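Structural overview for review
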Amino acid sequence: MMLSTTTVGSFPKPGYLLKARAQYSRGELNKNDLYELEKKATQEVIKLQEKVGLDILVDGEMYRGDMVTFFAENMEGFRISGLVRSYGNRYYRKPIVVGKVKRLKPITIGYFAFAQSLTSKPVKGMLTGPYTMAEWSFNEYYGRKEDLVLDLAEAVRGEAEELEGAGAKWIQIDEPAISTRPEEIELAIKALGVVTAHLRAKTVTHICYGEFEKIYPKLLELPVDQVDLELANSNYDLLELFRRHPFTKEIGLGVIDVHSHLIETKEEVKEGLRKALEVLSPQQITVDPDCGLKTRTWEESQAKLQVMVEATKEVREELEGRLKE
Ligand SMILES: [Zn+2]
C-alpha cells in the first residue's frame with residue numbers, strides 16, 4: 001500500500017507503570033508484578049494504535065526507559081554506571097563495557113510476541129543498532145572501537161534473527177548516533193550490514209539529531225530497506241538534499257513534531273506530504289512522526305496520530321483519484 005502509516009517506537013508510559021518502575025528499582029516490587037503491568041500497558045498501546053488506524057504497529061517499549069541501557073543490561077560484557085549527568089539536570093545510567101560483549105538470551109522476543117499476539121496488523125520488532133550502542137557506552141575493555149561495534153553487531157544480529165523467527169515482518173534497528181559522527185559512517189554501515197545480512201523481514205533504521213548534509217547521500221548505503229528520518233521538525237529542509245541527489249531507498253517520513261505540545265493541523269501534515277511527493281514516490285513513503293512519542297502525553301500522542309492518519313488518508317485518496325483519471 002502506498003503511504004502506510006506507523007510510529008517510530010516509544011509511547012508515553014501510563015502513570016501506573018512509571019510508579020511501578022520506580023518501585024521495582026527500589027526493590028519494592030518483584031519482576032513478575034512489573035511484567036504484568038508492562039503487558040497491561042502494551043495492550044493499551046496496541047488498542048490506541050488500532051483505534052487511530054495505523055497500518056504498522058509497535059509495542060510502545062513499555063519495558064525500557066532508554067535505547068541503550070536496557071539492551072546492555074541484558075547482554076554479557078556490560079556493567080551499568082551510577083547516575084551520570086547529561087544535559088541540564090537530567091541524569092541517567094550509562095553502560096560501561098567491561099568484557100567481551102555477547103548476547104546470551106532473548107531480550108525483546110517475549111515482548112514482541114506478546115504485542116503481535118494482540119493484533120492482526122504487523123508489529124515492528126524494535127532494536128538499537130550496534131553503532132549507537134557503542135557510541136553511547138563507556139568502553140573500558142576493547143582496544144579498538146571497531147571490535148566493540150562488530151561484537152555488538154553480532155549480538156544485535158542474533159536478536160534480530162530471533163525476532164524474525166518469532167514472526168516479525170518489520171524489524172527496526174535504530175541508529176540515532178550515526179548522524180553525530182559523520183566520519184564514522186563507514187563503520188556504522190559495516191556493522192548494520194552484519195545485523196541485516198540474512199534477514200528477509202523489511203528492515204528500517206531510524207536516525208535523528210541530524211547534520212544530514214554531512215552524511216548524505218552516503219546515508220543511502222546503509223544496508224536496510226528503509227531509512228526513517230525527521231522532517232517536520234526541520235521544516236522539510238531535507239527535501240532540498242533529495243532534490244539534488246535522489247533518495248533511492250524507502251523512507252520513513254516524519255511529519256509530526258514530537259517535541260511540541262501543539263497538535264498539527266490536517267492541512268499542515270497534508271502540505272508536508274505534498275511537498276515530499278514532489279521529490280519522492282508514494283510507494284517509497286511510510287508516514288510517521290519524527291521520533292518516539294515518549295515525551296508527549298497519552299492525549300497528545302493520540303491527537304497527533306489521529307491527524308497524521310486522517311491527513312495521510314486524504315492525500316492517498318487524492319493520489320488514487322489522480323491515478324484513475
Ligand atoms: Zn529519533
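Overview of the structure. Predicted model, so just to flag it, every value in this text is computed and none were measured. (Residues numbered from 1 in each chain as written. Predicted model: local features only at pLDDT ≥ 70, side-chain atom pairs only at ≥ 80, totals over all residues. Heavy atoms only, no water.)

**Topic: the packing of helix α2 (residues 31-52) against helix α4 (residues 109-117)**
α4 packs onto α2 with a crossing angle of 45 degrees between their chain directions and a minimal axis gap of 10 Å. Here α4 runs oblique to α2, going by the angle between their axes. Between α2 and α4 the crossing geometry is right-handed. Judged by residue contacts, Tyr-35, Glu-38, Lys-39, Thr-42, Gln-43 and Ile-46 of α2 engage Gly-110, Tyr-111, Phe-114 and Ala-115 from α4. Residues belonging to the contact of α2 with α4 are distributed by class as follows: 5 nonpolar, 3 polar and 2 charged. (Axes fitted to C-alpha atoms, helices over the stretch in contact; angles between N-to-C directions. Helix = DSSP H or I, 4+ residues; strand = E, 2+ residues; numbered from the N terminus. Parallel < 35°, antiparallel > 145°, perpendicular 65-115°, else oblique. Left-handed = near helix turned anticlockwise from the far one by under 90°. Contact = heavy atoms within 4.5 Å. Nonpolar A, V, L, I, M, F, W, Y, C, P; charged D, E, K, R; others polar.)

**Some thoughts on the environment of Gly-82**
If you trace the backbone, Gly-82 turns up in strand β2 (residues 76-85). For Gly-82, a relative accessible area of 43% puts it in the partly exposed group. Not counting the four nearest positions on each side in its chain, Gly-82 is found in contact with Tyr-92, Arg-93 and Lys-94. (Buried < 20%, exposed > 50% of the residue type's maximum accessible area, 1.4 Å probe, protein only.)

**Examining the coordination of the zinc ion**
Octahedral metal centres with six donors ideally show angles of 90 or 180 degrees, and tetrahedral centres with four donors ideally show 109.5 degrees. Protein coordination at the zinc ion comes from His-206 (NE2), Cys-208 (SG) and Cys-291 (SG), with a distance range of 2.1 to 2.3 Å. Considered as a linear motif, the donors of the zinc ion on their single chain read H-x1-C-x82-C. Note that His-206 is positioned in strand β7 (residues 202-207) and Cys-291 in the loop between β10 (285-288) and α11 (298-324), a separation of 85 residues in sequence. The buried category is assigned to His-206, whose relative accessible area is 3%. Look at Cys-291 and you get buried, because its relative accessible area is 17%. (Donors = N, O, S within 2.8 Å, 3.2 Å for Na, K, Ca; no water.)

**Some points on the side chain of Thr-6**
With respect to the element layout, Thr-6 can be found in the loop between β1 (4-5) and α1 (15-25). Within polar-contact distance, the side chain of Thr-6 engages the backbone oxygen of Ile-56 at 2.8 Å. What Thr-6 contacts, discounting residues up to four positions off in sequence, is Leu-54, Ile-56, Lys-124, Thr-286, Val-287, Asp-288, Pro-289 and Met-308. (Polar contact = N/O pair within 3.5 Å; in protein donor to acceptor, adjacent residues only side chain to side chain.)

**Re the pattern of salt bridges**
With the rule as written, the count across this model stands at 30 salt bridges. Between Arg-316 and Asp-55 there is a salt bridge, with its nearest N and O atoms 3.6 Å apart. Of this pair, Arg-316 sits in helix α11 while Asp-55 sits in the loop between α2 and α3 (69-73), and the two are 261 residues apart along the sequence. Residue Lys-190 pairs with Glu-146 through a salt bridge whose shortest N-O separation is 2.6 Å. Of the two residues, Lys-190 is situated in helix α7 (residues 185-196) and Glu-146 in helix α6 (residues 145-165); the sequence distance between them amounts to 44 residues. Given a relative accessible area of 44%, Lys-190 falls into the partly exposed group. Each of Lys-266, Glu-267, Lys-270, Arg-274, Glu-314 and Glu-318 takes part in a single network of salt bridges with overlapping partners. (Salt bridge = Lys/Arg side-chain N within 4 Å of Asp/Glu carboxyl O.)

**Some remarks on α6**
Look at α6: 30 Å from first C-alpha to last across 21 residues, which is about the 30 Å you get at 1.5 Å a residue. Among the residues making up α6, those that are buried are Leu-148, Val-149, Asp-151, Leu-152, Ala-153, Ala-155, Val-156, Gly-158, Glu-159, Ala-160, Leu-163 and Glu-164. Remark: Gly-167 follows α6 within two positions and exhibits a positive phi of approximately 110 degrees. (Expected span 1.5 Å × (residues − 1).)

**Examining the sheet that holds β2**
Here we have 3 strands laid out as an open sheet, ordered β2-β3-β5, and mixed in their pairing. Strands at the two margins of the open sheet, each flanked by one partner only, are β2 and β5 (138-139). Pairing geometry for strand β3 (residues 91-102) and β5, over 2 bridges, is parallel. In the strand pairing of β5, Ile-96 is matched with Phe-138. (Pairing = 2+ DSSP bridges.)

**Description of the sheet that holds strand β6 (residues 170-174)**
Within a sheet, each strand pairs with its neighbour through backbone hydrogen bonds, oriented either parallel or antiparallel. The strand order across the open sheet formed by 7 strands is β1-β10-β9-β8-β7-β6-β4, and the pairing between neighbours is parallel. Each edge of the open sheet is held by one strand with a lone partner, namely β1 and β4 (124-128). The sheet contact formed by β7 and strand β8 (residues 226-230) spans 4 bridges and is parallel. When the sheet's bridge partners are listed, His-206 is paired in β8 with Asp-228.

**Overview of the pairing of β4**
Counted residue by residue, β4 has 5 buried out of 5 residues, so it is predominantly covered. Of the two faces of β4, the one holding Lys-124, Met-126 and Thr-128 and the one holding Gly-125 and Leu-127 are both buried throughout. Alignment of β4 against β6, held across 5 bridges, turns out to be parallel. Considered in β6, the bridge of Lys-124 is made with Trp-170.

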